[in-house]
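Now for the letters of each chain:
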Amino acid sequence: MLVAGVDSSTQSTKVVLCQAEDGTIVGTASAPHPDGTECDPEYWWAALRRAGDGLLDRADAVGVAAQQHGMIAVDAAGEVIRPAILWNDMRAAPQTLELITELGGPAEWARRTGSVPAVSFTVTKLRWMAEREPQSAERLSRVMLPHDWLTWRLGADEPVTDRGDASGTGYFSPAEGKWLPDIAEMALGRPVATPRLAGPAEVVGRTPAGAVLAPGTGDNMAGALGLGLRAGDVAVSIGTSGTVFATSDHPAQDPTGAVAGFADATGRFLPLVCTLNATLVTNAVARLLDVDFATLEKLALGAPAGSGGVTLVPYLAGERTPNRPEATGTLFGIRTDVSRELVARAAFEGVVCGLLEGLDALNVVGVPTTGQLLLIGGGAKSRAYREVLATLSNRSVVVPDETEIVAAGACVQAAIMESTSDVDAIVNSWSLGSGEIVEPGNGSLDAEGIRHRYASARG
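Every value quoted in this text rests on a predicted model; they were computed, and no experiment measured them. (Residues numbered from 1 in each chain as written. Predicted model: local features only at pLDDT ≥ 70, side-chain atom pairs only at ≥ 80, totals over all residues. Heavy atoms only, no water.)

Enquirer: Got a minute to help me understand the pairing of strand β23 (residues 397-400) in this structure?
Expert: The two faces of a sheet get side chains in turn, since along a regular strand they alternate between them. Neither face of β23 is exposed, since Val 397 and Val 399 on one face and Val 398 and Pro 400 on the opposite face are all buried. For the crossover from strand β22 (residues 373-376) across helix α13 (residues 383-393) to β23, the handedness is right-handed. The pairing of β23 with strand β24 (residues 435-438) spans 4 bridges and is antiparallel. Directly across from Pro 400, in β24, lies its bridge partner Gly 435. (Buried < 20%, exposed > 50% of the residue type's maximum accessible area, 1.4 Å probe, protein only. Helix = DSSP H or I, 4+ residues; strand = E, 2+ residues; numbered from the N terminus. Right-handed = clockwise from strand over helix to strand, strands pointing away. Pairing = 2+ DSSP bridges.)

Here's what the structure looks like:
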């Protein structure tokens, strides 16, 4: 039996076809998406058709994972009203502050939704539309997330979502497992329909080729499935943005807003911290130094841990955690002995320090984090990111062999549809989460001091 997993990310659509029995990959393909912070969903559909050509029609079951938080606004006829506003769009920063106050403050948001909304959350986009595009808001009938819409286009019987992706909207309660329509109405100014909430192992329809459709989920939730995360394990994902997340049997509530108390795709929970600035920072520093990424890595690895006191606060695109949407990057500690090597190392260390502050935040809200530390995303291919993370965390870092973690997680969800196996059985039979182990370097002896200097610099 073959199962297919779809990863519709910011940059591209990736499709993986594998054997349901052991996870052996039998085919992969991808197609790019346009750049930007908003996108006509039809581009995603076209990319899915290109990447899925010759793969999806061979599958017995299909699961779709996609970027979280995006708002696809459709009218009563199901037509898309305007381009989807993506997670990385910062336009709703003022509306975010309005909404936090209107509901009663951060603690009330955390109590009701598990999270304090950041500018990326879907609920903030609803308020922006109500204020800035009233004609679109008036026409709006239903809000869908990217994975909802793609699953629907593939053949779902009706618009559906799962509790994992729903928990990133800002109008869903992970603890209670239900929509909070009053919050969506507060944001838009009138009621708005939401997709039906499907169970973790529910068949929601069939593709034109006859494959059963899984409910799908958000990319981070699929990432947890693709890694086979167990209680205590922590995943660090370094891509355009960065995330730190772990599975938990209990819902998380963080009134500081650092930890988003998401649900996962299995019935448990996925507390998560997100930073906006990850590989875009090191790519920008490579341009600044007029080198390619491979040379930037070589420069960074030629510098000592701590970058000789040079510290980069990497808020080049504003920041979500901490919530500083208007912030910019800052370089501290430059002396007459500054070199390209020190600046290069500071770029990698700045990104990693921000992510490790996310790991600290998980600990504060009681999430177990003493298991494996796994590194995924595009940054996992980088020797510099691997070594800097191991050194500054002072922990062994596992770099999984599987590179398309999100698509693999969507495959796991699809496999559950067509077998009697549960998630744990599939994790074991597919050997998910195994890979190269990177040990801390000598700089781990001063990791605490390096991280303290970073915290002082960012203020």
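Enquirer: Please clarify how the nonpolar core should be interpreted in this entry.
Expert: Grouped together as the largest cluster of nonpolar side chains are 68 residues, with contacts concentrated most on Val 3, Val 123, Leu 126, Leu 140, Tyr 171, Phe 245 and Trp 430. Tallying contributions element by element places helix α14 (residues 405-417) first for this core, with 8 residues. Among all residues touching Val 123, those that are not within four sequence positions of it are Leu 99, Trp 109, Pro 117, Thr 169, Gly 170, Tyr 171, Ile 183 and Ala 187. By size, the runner-up hydrophobic cluster in this structure holds 54 residues, among which are Ile 238, Ala 246, Ala 327 and Leu 356. (Core = buried A, V, L, I, M, F, W, Y, C linked by side-chain atoms within 4.5 Å. Contact = heavy atoms within 4.5 Å.)

Enquirer: Where do I start with the state of the cysteines in this structure?
Expert: Working definition of a disulfide: a covalent bond connecting the sulfur atoms of two cysteines. All chains considered together, the criterion is met by 0 disulfides. No disulfide involves Cys 39; its sulfur sits 19 Å from that of Cys 274, the nearest cysteine. Residue class for Cys 39 comes out buried when judged on its relative accessible area of 5%. Cys 274 supplies the cysteine sulfur nearest to Cys 353, a cysteine that is in no disulfide, at a spacing of 17 Å. (Disulfide = S-S within 2.5 Å.)

Enquirer: Mind showing me how you'd approach the side chain of Thr 275 here?
Expert: With respect to the helices, strands and loops of the structure, Thr 275 is situated in strand β19 (residues 269-275). According to the relative accessible area criterion, Thr 275 is buried, its value standing at 4%. Setting aside anything within four residues of it in sequence, one finds Thr 275 in contact with Ser 241, Gly 242, Glu 319, Thr 321, Gly 354 and Leu 355.

Enquirer: Can you walk me through a nonpolar patch on the surface in this structure?
Expert: Side chains of Leu 331, Ile 334 and Val 338 sit close together on the surface and give an oily, nonpolar patch of about 230 Å² of accessible area. Relative to the helices and strands, Ile 334 is located in the loop between β21 (330-332) and α12 (340-364). With relative accessibility at 49%, the residue Ile 334 sits in the partly exposed group. (Patch = residues over 30% accessible without salt bridge, like charges linked within 9 Å, V, L, I, M, F, W, Y side chains within 5 Å. Areas by Shrake-Rupley, 256 points an atom, 1.4 Å probe, with all protein chains shown as cover. Salt bridge = Lys/Arg side-chain N within 4 Å of Asp/Glu carboxyl O.)

Enquirer: It is not clear to me how the side chain of Thr 247 should be interpreted in this structure. Could you clarify?
Expert: By the element assignment, Thr 247 lies in the loop between β17 (242-246) and β18 (260-263). A relative accessible area of 3% means that Thr 247 is categorised as buried. Within polar-contact distance, the side chain of Thr 247 engages the backbone oxygen of Arg 230 at 3.4 Å. Leave out the neighbours within four places in its chain, and Thr 247 touches Leu 229, Arg 230, Ala 231, Asp 233, Arg 268, Phe 269 and Leu 270. (Polar contact = N/O pair within 3.5 Å; in protein donor to acceptor, adjacent residues only side chain to side chain.)

Enquirer: Looking at this structure, I do not really get unusual backbone geometry. What am I missing?
Expert: It is generally the case that most residues other than glycine have a negative phi and that most peptide bonds are trans. Following Thr 321, the chain continues into Pro 322 via a peptide bond in cis, with omega recorded as 0°. Position of Pro 322 among the secondary structure elements: in the loop between β20 (311-313) and β21. Located in the positive-phi region is Asp 290, a residue other than glycine, with phi close to 60°. Note that Asp 290 resides in the loop between α10 (279-288) and α11 (293-301). What makes Asp 290 exposed here is its relative accessible area of 70%. A positive phi angle, close to 55°, is found at Ser 431, a residue other than glycine. For Ser 431, a relative accessible area of 48% translates into the label partly exposed.

Enquirer: Where do I start with the pairing of strand β5 (residues 61-66) in this structure?
Expert: In terms of burial, β5 is largely enclosed, as 6 of its 6 residues are buried. Going residue by residue along β5, you find Ala 61, Gly 63 and Ala 65 tucked away on one face and Val 62, Val 64 and Ala 66 tucked away on the opposite face as well. In terms of strand pairing, strand β1 (residues 2-8) meets β5 through 6 bridges, oriented parallel. Looking across to β5, one finds that Val 3 is bridged to Ala 61. Sheet topology note: the β5/strand β14 (residues 212-213) ladder contains 2 bridges and is parallel. Among the inter-strand pairings, Ala 61 is bridged to a residue of β14, identified as Val 212.

Enquirer: Sorry if this is basic, but what is going on with the sheet that holds β22 here?
Expert: The pairing of strands in a sheet comes from backbone hydrogen bonds and takes either a parallel or an antiparallel form. Spatially, the 7 strands line up as an open sheet ordered β18-β19-β17-β16-β22-β23-β24, and their pairing is mixed. Single-partner strands in this sheet number two, and they are β18 and β24. Along the sheet, successive strands turn relative to each other by an average axial angle of 30°, direction set aside. Two elements, strand β16 (residues 234-238) and β22, share 4 bridges in a ladder whose sense is parallel. Bridge pairing in β22 links Val 236 to Leu 375. Packing of α12 onto the sheet brings it into contact with β16, β17 and β19, and relative to β19 it is tilted by some 150°. (Axes fitted to C-alpha atoms, helices over the stretch in contact; angles between N-to-C directions.)

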